[in-house]
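Structural overview
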Amino acid sequence: MNKSSFDTSGLTFDRFKLSVRTTNCLRVQMLVTIRDLNSKSAAEVLSWPNAGRKTLNELRALLGRLGLKLVGDSAPIGAIDLALLEDLENVGLDEKLEQPVEEPNKILYLNSSETDTQRKLVLPLSRLTISVRSQTLIKTAKLSFLGDLAQLKFANIVSYPNAGRKTANELAGILEEFGFSLGTVIPDWTAVRAAALNQQFHEALANDTRIRDKKLLKAIAPEPHCLEDELTRIAKALDNERNAQLLIKLWGWNGDPPRTLESVGQELQLTRERVRQIEARAIKRLARYDFETPHVKAAVTILRRAAPTSDVALAKKIREEGISKGQFSPWSVQTAAEIFHIRWPFEVVNSNRTKLLVLSSEVEMLQRALSILRRKTAELGCLNTIALASELQIPEPRIAGVLRFLEHATQVSWLDDERQWLYAPDTARNRLMNLCSKVLAVCDSVYLSDLRHAVTKSRRLPMCPPKKTLGAFVEQRGLGSIEGTIVRPIAGMNTPPPSGSAEGIMLAVLNYHGPIMDGDEFAEKCIAAGMNPITFYIYRMVSPVVSALGKNVYCKVGTEVAPGTVEGMVAHRRSTPLVADHGWTPDGKLWFATEMSRQVITAGSFRLAQFISDLVQGDWQVKLPDNTLMGGAVCRGRFIWSFRKQLALLGAELSDIAAFEFDLRARTVVVRVGGSDLIEAMGEGTGSVEEELALPP
């Protein structure tokens, strides 16, 4: 065989074994065939980036084996390789025999074709399942749609680097599936028109893709009836059996939680990097498909309804709803949702070493619920679920999810079988427990109703749970035991008020002079024991250890009162109501007068008529009838106080009249004490009062 019997100029470089550097230089220069190189000179080769003498010599040697030379060389370098030429000629003959005979060019017009044909022509090539080599050719040739590919000829394809007969046959087979062939002529084809039609047929193309993907999955396995089968079938569509099992383990699509690259690689004796590459390739392939995933979407819906709760509870829920064969980790559902671009509306909250799945839109609300539970436990002792829903401003049905979160996020104790009352026992302070402990420390037993009334006296406790709930609270906190309607304290578990405190003094007086005392006598004894009068009257109203029996009769909480005792004490008192009046003096000053009780004289505090109190709020300078300044007074709400010293100086006694004259401009108040005629004198003006009482001007 001589050189002229076989034309080697059309051979492509991929048929020869060249160094990486030389191959890269040829690719950069876009030289595909021997003919392309044969037209270059040595100087041109040396001018290429990264090409030196070594590259030049390698190319000269290649041409020499074929009996060719560079432009400007005097002769081919080296001897002709006849064995190589024979092999190349035989391969070329085989390829010519196997190369499909191209039919006469088929002509299509894009704009006048039927809708179905148009839709196929503008199908994106990125939606097709093709080999890596074919993908490289499509990228190199800058092909976008099936119509771009149809316009290529067999010879065009094999002329591209690394593309041979196998690649051309693969692409020809794809076109044949859609009813087209290589070498189709589309005279009115433009990239702009193709893109416009692609947008017009977007929904139809997507539907075609789904139908094609369904056929692919059906060829792999029957229609799935659970989450595991659905995901396994998709994994097998993305890679071979071995790699599909790798993906299933890595993504947790068998129901187990997702695993790390390292753990899967160690099990399958692969490097971490190799596992990563297989995963990346699978995700890239998945972008070409539009697989339907009804079981994944159903699992996300179930998680949405069940959240917030723990991952363990959610895994059971997915199985109970029939979505999966076994318990299926919600984190594996999350992986699937992210891979298939399904919205994942959850966040993870780590609490007490438990992972909680929480709706992103509810994270702030749930954190607020936890804060409310702890705050209300400290302030009120316990909390009702209806009140919790109201404070969170959510519908009552949604409170169930909030309670699930609280039970995982902190320690929660329930006080009733209906799960309506709860509290956080690990809260450092609990006002209800402190009040109950104080009451139970000072009595041998107490009715549950009396205990409830006692603790509600505290102004810092605006509400108290029902008796049954309160009894459960007392028992859970270890303060006492419930026997029917009676609470019996547990020894050593309750703390009485300190002996030197206000409540300690009141208890000591009741223990010594009681156990039942008239209110005025009770006040006198407590004040005599060193208690501040104002403090006494405040604590007498709010202390849980002092019980009011009605009509100004008091006893220690839990005291057994014999019938008729209270009535007998009340019978000795005067039953007529106290006298009070108010008005304006002729010179424009506001006055108020009232009959004094023992409590008023002792405490120096008066309850004003509403009309008066509205006008005299704040601080005042106090004057005696002779205009001597004597301290100050304060009005808050309906009360004005700090007159005890002034009343003592004026010699106030039980049933005397106290009169107050307010100068609203000067912010002074004159206090007077007298008989019942003082009220009449106040109405006639200050001067007449002073003359009647013979007071100095």
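Keep in mind that what you see is a predicted model, and the values were worked out from it rather than measured.

**A few points about the sheet that holds strand E19 (residues 657-663)**
The strand order E13-E14-E19-E20-E16-E17-E18-E15 describes an open sheet built from 8 strands, whose pairing is mixed. Each edge of the sheet is formed by a strand with only one pairing partner; in this case those strands are strand E13 (580-584) and strand E15 (606-607). For strand E17 (residues 629-636) and strand E18 (residues 639-641), the ladder comprises 3 bridges, and the chain directions are antiparallel. Bridge assignment links Cys635 to a residue of E18, and that residue is Ile640.

**Some details on the environment of Arg21**
Looking at where Arg21 falls in the secondary structure, it is placed in helix H1 (residues 20-28). Ignoring any residue separated from it by four or fewer positions in sequence, one finds Arg21 in contact with Asn50 and Thr55. There is a polar contact of 3.4 Å between the side chain of Arg21 and the backbone oxygen of Asn50.

**Remarks on the packing of aromatic side chains**
Summed over all chains, the structure comprises 14 aromatic pairs. Measuring from centroid to centroid gives 4.7 Å for Trp251 and Trp253, while their planes differ by 55°, and the two rings are tilted. Exposure class is identical for Trp251 and Trp253. Each is buried. Ring plane angle 75° and centroid distance 4.8 Å describe the contact between Phe606 and Phe660, whose orientation is recorded as edge-to-face. Taken together, the residues Phe606 in strand E15 and Phe660 in strand E19 connect sequence positions 54 residues apart. For Phe660, a relative accessible area of 0% gives the class buried. Every member of this aromatic cluster is reached through a ring pair, and the members are Phe522, Phe536, Tyr537 and Tyr554. Above the plane of the ring of Trp331 lies Lys355, whose end atom (NZ or CZ) is 5.4 Å from the centre. The ring of Trp620 carries Arg667 above its face, with NZ or CZ at 3.9 Å from the centroid.

**Some details on helix H16 (residues 272-286)**
When the terminal C-alpha atoms of H16 are compared, their 21 Å separation across 15 residues agrees well with the 21 Å that a helix rising 1.5 Å per residue should span. Of all the positions in H16, only Val275, Ile278, Glu279, Ala282 and Leu286 are classed as buried. Down the axis of H16, the buried set is contained in an arc of 95°. They therefore lie on one face. In this fold, the buried residues of H16 make contact with helix H13 (227-238), helix H14 (241-251), helix H15 (261-268) and helix H19 (330-339).

**What about the pattern of salt bridges?**
Applying the stated criterion to the full structure yields 22 salt bridges. Among the ionic pairs, Arg119 bridges to Asp116, the shortest N-O distance being 2.9 Å. One end of the pair, Arg119, and the other, Asp116, are both in helix H6 (residues 115-121), 3 residues apart, so they sit about a helical turn from each other. With a relative accessible area of 33%, Asp116 lands in the partly exposed category.

**Topic: the nonpolar core**
By size, the foremost hydrophobic cluster in this structure holds 44 residues, and its most contacted members are Trp253, Val333 and Phe340. Contributions of two or more residues to this core are made by H13, H14, H15, H16, helix H17 (294-306), helix H18 (311-320), H19 and strand E3 (354-359). Setting aside its immediate chain neighbours within four residues, Phe340 contacts Leu231, Ile234, Trp253, Leu286, Thr293 and Val296. Counting 43 residues, the second largest nonpolar core, distinct from the first, contains Cys464, Ile505, Phe522 and Cys526.

About the cut-offs
- Residues numbered from 1 in each chain as written.
- Predicted model: local features only at pLDDT ≥ 70, side-chain atom pairs only at ≥ 80, totals over all residues.
- Heavy atoms only, no water.
- Pairing = 2+ DSSP bridges.
- Helix = DSSP H or I, 4+ residues; strand = E, 2+ residues; numbered from the N terminus.
- Contact = heavy atoms within 4.5 Å.
- Polar contact = N/O pair within 3.5 Å; in protein donor to acceptor, adjacent residues only side chain to side chain.
- Phe/Tyr/Trp six-rings, centres within 6.5 Å; stacked < 30°, edge-to-face > 60°.
- Buried < 20%, exposed > 50% of the residue type's maximum accessible area, 1.4 Å probe, protein only.
- Lys NZ or Arg CZ within 6 Å of the ring centre and 35° of its normal.
- Expected span 1.5 Å × (residues − 1).
- Arc of directions from axis to C-beta.
- Salt bridge = Lys/Arg side-chain N within 4 Å of Asp/Glu carboxyl O.
- Core = buried A, V, L, I, M, F, W, Y, C linked by side-chain atoms within 4.5 Å.

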